[in-house]
Structures are given as C-alpha cells and as structure tokens.
Amino acid sequence: MRTTGLWVTGTIAALALTGCGGGDPLAEDGESEAEQGEALVIGSQQYYSNTIIAELYAQALEAEDIEVEREFEIGQREVYVSEIESGAIDIFPEYAGNFLQYYDAEAEAATLEEITAALEEALPEGLRVLEPAEATDQDSFVVTSEFAEENDLTEVADLAGIEDLRIAANSEFETRPYGPDGLQDVYGVEISVVTVQDSGGPLTVDALLSGDVEVADIYSADPVIEAEDLVVLEDPEELVLPQNVLPVVSERVDDAAAAVLDEVNAALTSEELISLNSQSVDEQADPADVAAEWLSEQGLN
C-alpha cells in the first residue's frame, strides 16, 4: 500500500508512443534501444524509500551508459500500473506480494518463490519481473511498546478481543487482503481504519504516538520503528505476503539492462535498505545523493 498522488501525464503519453513501438530491441550493431538514444523510463511510487530504489536503478544503468528518464513520485498502484502496462514506463520497483495481489487478490502463493512464479502467470503480456532483492519493505501491524506491554501483545492474533481498535493507514487499506476483512477472517481481530494518507509516514506515526489510534500500518524498513521503540506484531499466518523488492520491466529492458538491475538487487539487503531510508528520514538527504553514495560503496557506479 502506497499513497495516492497526482501525476501529469503529458510527457509519459508522448513516451508511450515511442516505448510501445515495434522496433527491434537490439540494433544491427548490437546496441540496445537505450544505447541508441531511446531512454528507458523509470518510475517510482510517491514514497521516499521507493524513490531511493528507483534512483539506485537509474544511476546504476547510467553508469553503464544506458540512458534513462525519471518519472518519480507517481502515487498509488491503481494510478501507475496502467502506465506500466501501456509501455509508458519500462522499469518500476515493486513489492512482490502486494504486486501479485493487485492482479490476483485470491492468490494462494505464500513463499517468495511461489509469488514470483505466480507473477509470471498473472502479468500481462510484455511485462516480467526480475530477480527479487533480499530487502523487504512490507506492511506491518505496529503498536507502541507501552500498548504492547499493557495488553501482552506479541502477535496480531493477540489484538482479538480488544474493543474499539483503530488502525492508521491509507484509505486503500480498507480493501487490501490484509485489511479489516482479512484481519477478521484470519485472526478474529475487529478494527476500523482511520485514514492517514502518508504511507506510514510522520502523520501515521504521530497518530500512533498520540493515542489517536492503537495500531498503525508502517512499512518494515522504516527507521522510525527502532527510533521510537515501536513493536511490530508477528504475523504467523502470513496475512501480509513477503514484500521483497523486485523490478517489473517492459520488453524494452534487454539482457544487458536486466543484468544491471539484478546486480543492484543482489546487493540490496533489508539492513541496507533501512540504512538508506535512515539517511532520507534522519538527515533529509536527497534520494540522488543517497543512491550515489551507496552505489559507490557497492562498486556499482
């Protein structure tokens, strides 16, 4: 679940006309379309961590002389998926489980391997996902340490029976498989949604810390969890599927470009992602600077 945003589509529409063309992805001299001057368009959600990952992909590709264009901070999945499907966007960092459930809300896949296999079947023609990173950034049911202690909470199921529970989350949480209906069906937890449209950001955290809600949907790679001594409730039934980072790409992403993205993902662990996010949250560092420093440390630029 990522926050909804507005997007000016004029540039993208123009790019779609070229990106959806029937050109040979490899020119006669062996260069890719990107190397021939047709830039690969990289998108991101309106979520700082996702933008950092997109910037990692962009700079790593540029280091290999592959031209890219950035269309960042687009918004919610319901907004940007149509642009991916149309060919207007060539590369987008996604989250495995949520991406599968967008296409198949009843998917029975549980492990990362099962999810990636299911995505191969579920995605429209012309789209594929590359190798997932070890890094995961998934929706988590988070409470304060005080609330956890008062109610003896360690797992989501422990919330069952607590009256008048409220969770701070984006409006889309209402219809997610792990939203109120899923919590009721799987764990017997009754909860109402207090809409906070910042994707688990400062407003969501403030609602939790101030006591406006008892639970918050905060992403697992958010450094605020450790900084505020928050408690992530265990989800033994895996109501929230594994959300490993993985790129969804168009047919215009050839083997050379895919290899670059795979190399970035191979180095991206959960610890590394939390560290990258900390620089953005704690130091207010620009995503481009955060990405450049990390890629340099990894020898990828």
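The preceding data block contains the structure.
Please read these numbers as outputs of a predicted model, since none were measured by experiment.

Chemist: Account for the pairing of strand β1 (residues 40-43), naming residues and giving values.
Modeler: Neither face of β1 is open: one carries Leu-40 and Ile-42, the other Val-41 and Gly-43, and all of them are buried. The pairing of β1 with strand β2 (residues 68-71) spans four bridges and is parallel. Across the sheet, residue Gly-43 finds its bridge partner in β2, namely Glu-71. Taking the sense of rotation as the criterion, the β-α-β connection linking β1, helix α2 (residues 48-63) and β2 turns out right-handed.

Chemist: Any details on the packing of aromatic side chains? Residues and values, ideally.
Modeler: Enumeration according to the criterion identifies seven aromatic pairs in this entry. Measuring from centroid to centroid gives 5.2 Å for Tyr-102 and Tyr-103, while their planes differ by 85°, and the two rings are edge-to-face. The exposure class of Tyr-102 is partly exposed, given its relative accessible area of 34%. Grouping aromatic residues by their ring pairs yields a cluster made of Tyr-47, Tyr-48 and Tyr-219.

Chemist: Please give an account of the pattern of salt bridges that cites residues and values.
Modeler: Pairing between side chains becomes possible if they bear opposite charge and their charged atoms approach one another. A complete count under the given rule lists seven salt bridges for this structure. Glu-38 is the partner of Arg-252 in a salt bridge, and the nearest nitrogen-oxygen pair spans 3.8 Å. Here Arg-252, found in the loop between β10 (245-249) and α10 (255-267), pairs with Glu-38, found in the loop between α1 (10-19) and β1; they are 214 residues apart in sequence, far enough to count as distant. Here Arg-252 ties to Asp-90 by a salt bridge, and the two come within 2.7 Å at their closest N and O atoms. Taken together, the positions of Arg-252 in the loop between β10 and α10 and Asp-90 in the loop between α3 (77-86) and β3 (91-95) put the pair 162 residues apart, joining distant regions of the chain. The same class applies to Arg-252 and to Asp-90, which are both buried. Salt bridges sharing common partners tie together Glu-38, Asp-90 and Arg-252.

Reading guide: rules and limits
Residues numbered from 1 in each chain as written. Predicted model: local features only at pLDDT ≥ 70, side-chain atom pairs only at ≥ 80, totals over all residues. Heavy atoms only, no water. Buried < 20%, exposed > 50% of the residue type's maximum accessible area, 1.4 Å probe, protein only. Helix = DSSP H or I, 4+ residues; strand = E, 2+ residues; numbered from the N terminus. Pairing = 2+ DSSP bridges. Right-handed = clockwise from strand over helix to strand, strands pointing away. Phe/Tyr/Trp six-rings, centres within 6.5 Å; stacked < 30°, edge-to-face > 60°. Salt bridge = Lys/Arg side-chain N within 4 Å of Asp/Glu carboxyl O.

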